[in-house]
Amino acid sequence: MIKKSFAVFTFGCKLNFSESSDMARQLRERGWKESSEPEAIIVNSCAVTHTAEKKVRNYVANLHRQHPEARIVVVGCYAALRHDLVAKWDGVSAVFGNRDKLNAVHFIAGESLDNTPAFFATYSSHDRTRSFLKIQDGCDYHCTYCTVCDARGESRSDNIAHVLQNIEKIHAEGLREINITGVNLGTFGQGSEENLLGLLRAIDKQHLVDRVRISSIEPNLLTDEIIELVANSQILMPHFHIPLQCGCDKILALMHRRYKRELFQHKILKIKELIPHACIAIDIISGFPSESDEDFEDSYTFVESLPLSYLHVFTYSRRPNTIANTMKEQVPEPVKRERTNRLLALSEIKKHHFYQQHCGEVRPVLWESENINNQMFGFTDNYIKVAAPYREDRINEIQKIKLEEENFQY
């Protein structure tokens, strides 16, 4: 007898979380219930690094040991890149890549598999305060270290009218904050007369939710007009996530990035000129092939000089079927680890300085539902994390508070 119970486990990016939430919602609409003893399990996988792949493999093996009778369906990037390998894992009943991952729902529900459209919009609703709204998928950039183009396919996106409809649905569920997300967000509308700036203007004009955050956006696609719009908006949050990857022009060229560090610096300084209190996070990769000690120091000094809030640091990981994987001058693992640790330490210094700059200010905080040791947490508009004594009536409320050292959550 089918129990009609399920569980979903997600690895990787915000896009995956958005899609996982949508699959769970579709199963609930079919009468299925989430359970700790599931009859069916969806694992939404990641393949951004070798470590991410290993985590997925081990997790699926553990799930099979814990739930030997459950049907396990693996979807996502690892499933797309290594379909035949994943299909041989013990306990795995079906494998779907990113293009057809929504077929996981049809498979579990015993329905006929469907032709998934080139782009399908999703949004998360499991969180009581915020939603990740997918507006774009895929990438055409073909950076030499990245497998996303193979795993996610070419760039494609939603349209403005449908994005606004989804925002109305999210608003109706009572969520206060939306994070609009995609693989290469700045290419929204590519091939049409629409673009990201037009979408953001429409969202700003619609003004349904209290907060909208823009997830990672390439520096060459972050236009001055977008920065100016955020600076003058009440709902577009002063929070930017911009992938740098390296602060050395030589390495940027080897990565096939579409900018030099001069352009990146311009964007950072433009943001701080118009929005001095803005939070700016960057992505950076340590130990890319042929990165010499001099190249790393050049990159480190450049990053150190910028008014950044924190860093997302990634140790370079060799990925099959990428140009970087075939480069001869691979950096030794101990050197990569040492460089990663230096960048992580720099990130801590940057974050501490950013928080301290705003100590004593009064800023709006959206309180979340998590309760840890009778403490609750929230983020300011410019993404400073704070804590306060837990009060259930505060959940999903935006409250202006004075930022103090004892409340900071570094």
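Above this text is the structure in question.
Cut-offs and rules
- Residues numbered from 1 in each chain as written.
- Predicted model: local features only at pLDDT ≥ 70, side-chain atom pairs only at ≥ 80, totals over all residues.
- Heavy atoms only, no water.
- Phe/Tyr/Trp six-rings, centres within 6.5 Å; stacked < 30°, edge-to-face > 60°.
- Lys NZ or Arg CZ within 6 Å of the ring centre and 35° of its normal.
- Helix = DSSP H or I, 4+ residues; strand = E, 2+ residues; numbered from the N terminus.
- Buried < 20%, exposed > 50% of the residue type's maximum accessible area, 1.4 Å probe, protein only.
- Contact = heavy atoms within 4.5 Å.
- Axes fitted to C-alpha atoms, helices over the stretch in contact; angles between N-to-C directions.
- Left-handed = near helix turned anticlockwise from the far one by under 90°.
- Nonpolar A, V, L, I, M, F, W, Y, C, P; charged D, E, K, R; others polar.
- Pairing = 2+ DSSP bridges.
- Disulfide = S-S within 2.5 Å.
- Salt bridge = Lys/Arg side-chain N within 4 Å of Asp/Glu carboxyl O.
- Parallel < 35°, antiparallel > 145°, perpendicular 65-115°, else oblique.

We now examine the packing of aromatic side chains. Any aromatic ring pair is given by two values, namely how distant the centres are and how the planes are angled relative to each other. Applying the stated rule across the entire model yields 12 aromatic pairs. Three or more aromatic residues joined by ring pairs make a cluster, and in this case those are F354, Y355, F408 and Y410. The ring of Y300 has R342 sitting right over it, with the charged end atom 4.4 Å from the ring centre. The side chain of K351 reaches across the aromatic face of Y310, ending 5.0 Å from its centre.

Okay, the side chain of S309 next. You can see S309 is positioned in the loop between α12 (293-305) and β13 (310-315). For S309, a relative accessible area of 0% corresponds to the buried category. Contacts of S309, omitting those with residues within four sequence positions, involve A278, C279, I280, S347, K350, K351 and F354.

Moving on to the environment of I226. Mapped onto the elements, I226 comes out in helix α9 (residues 224-231). Linking I226 and L197, residues 29 residues apart in sequence, is a C-alpha distance of 5.9 Å. In this structure, I226 is in contact with L196, L197, L200, I214, I217 and L221, ignoring residues within four places of it in sequence.

Attention now goes to the packing of helix α7 (residues 160-172) against helix α8 (residues 196-206). Direction vectors running N to C along α7 and α8 enclose 35 degrees, while the axes themselves pass 10 Å from each other. Seen from above, α7 lies across α8 with right-handed handedness. Across from I160, V163, L164, I167 and E168 in α7, the residues of α8 making contact are G198, L199, A202, I203 and Q206. Tallied by class, residues from the contact of α7 with α8 come to 7 nonpolar, 2 polar and 1 charged.

Taken in spatial order, the 3 strands line up as β11-β12-β13 in an open sheet, and their pairing is parallel. Each of the sheet's edge strands pairs with one partner strand only, and the pair in question is β11 (239-245) and β13. Shown here is a sheet whose adjacent strand axes are inclined to one another by a mean of 20 degrees, direction ignored. Sitting on the sheet, helix α13 (residues 333-357) touches β12 (279-286) and β13, and the angle it makes with β13 is about 170 degrees.

With that out of the way, let us pick up the pairing of strand β16 (residues 385-389). Two strands pair when backbone bridges link them, and strand β15 (residues 375-380) and β16 are joined in this way by 5 bridges, in the antiparallel orientation. By the bridge assignment, G378 is partnered in β16 with V386. Hairpin connection of β15 to β16: 4 residues between the antiparallel strands, including Y383 at a positive phi of 65 degrees.

As a further point, take the state of the cysteines. The tally for this structure, following the rule as stated, stands at 0 disulfides. Note on C13: no disulfide assigned, nearest cysteine sulfur contributed by C77 at a separation of 6.4 Å. Owing to a relative accessible area of 39%, C13 belongs among the partly exposed residues under this scheme. Distance from the sulfur of C246, which forms no disulfide, to the nearest cysteine sulfur (C248) is 5.2 Å.

Let's shift gears to the pattern of salt bridges. Counted by the stated rule, this structure contains 29 salt bridges. As a salt-bridge pair, R99 and E154 come within 2.4 Å of each other at their nearest N and O atoms. A residue pair is termed long-range when its members are at least 10 positions apart, and R99 in the loop between β5 (92-96) and α5 (103-108) and E154 in the loop between α6 (148-152) and β8 (156-157) qualify at 55 residues. Take E154: its relative accessible area is 39%, and that puts it in the partly exposed class. D295 serves as the salt-bridge partner of K250, at 2.8 Å between the closest nitrogen and oxygen. On the criterion of sequence distance, the pair formed by K250 in helix α10 (residues 249-255) and D295 in helix α12 is long-range, its members being 45 residues apart.

Read from one edge of the open sheet, 4 strands run β16-β15-β14-β17, paired in antiparallel fashion. Across the chains shown, the open sheet's two edge strands, defined by having one partner strand only, are β16 and β17 (398-402). Pairwise comparison of adjacent strand axes, ignoring direction, gives a mean angle of 45 degrees for this sheet.

Below, the discussion takes up the packing of α9 against helix α11 (residues 261-274). Where α9 contacts α11, the two axes come as close as 10 Å, and the packing angle between them is 25 degrees. Accordingly, the angle class assigned to the pair α9 and α11 is roughly parallel. Seen along the crossing, α9 lies across α11 with a hand that is right-handed. For the pair α9 and α11, the contacting residues are D224, I227, E228 and A231 in the first and H266, K267, K270, I271 and L274 in the second. A class-by-class count of the residues in the contact of α9 with α11 yields 4 nonpolar, 1 polar and 4 charged.

So, about unusual backbone geometry. Phi at N321 takes a positive value of approximately 65 degrees, unusual for a residue other than glycine. The residue N321 is located in the loop between β13 and α13 in this model. Phi at N374 takes a positive value of approximately 60 degrees, unusual for a residue other than glycine. Within the secondary structure, N374 is located in the loop between β14 (362-367) and β15.

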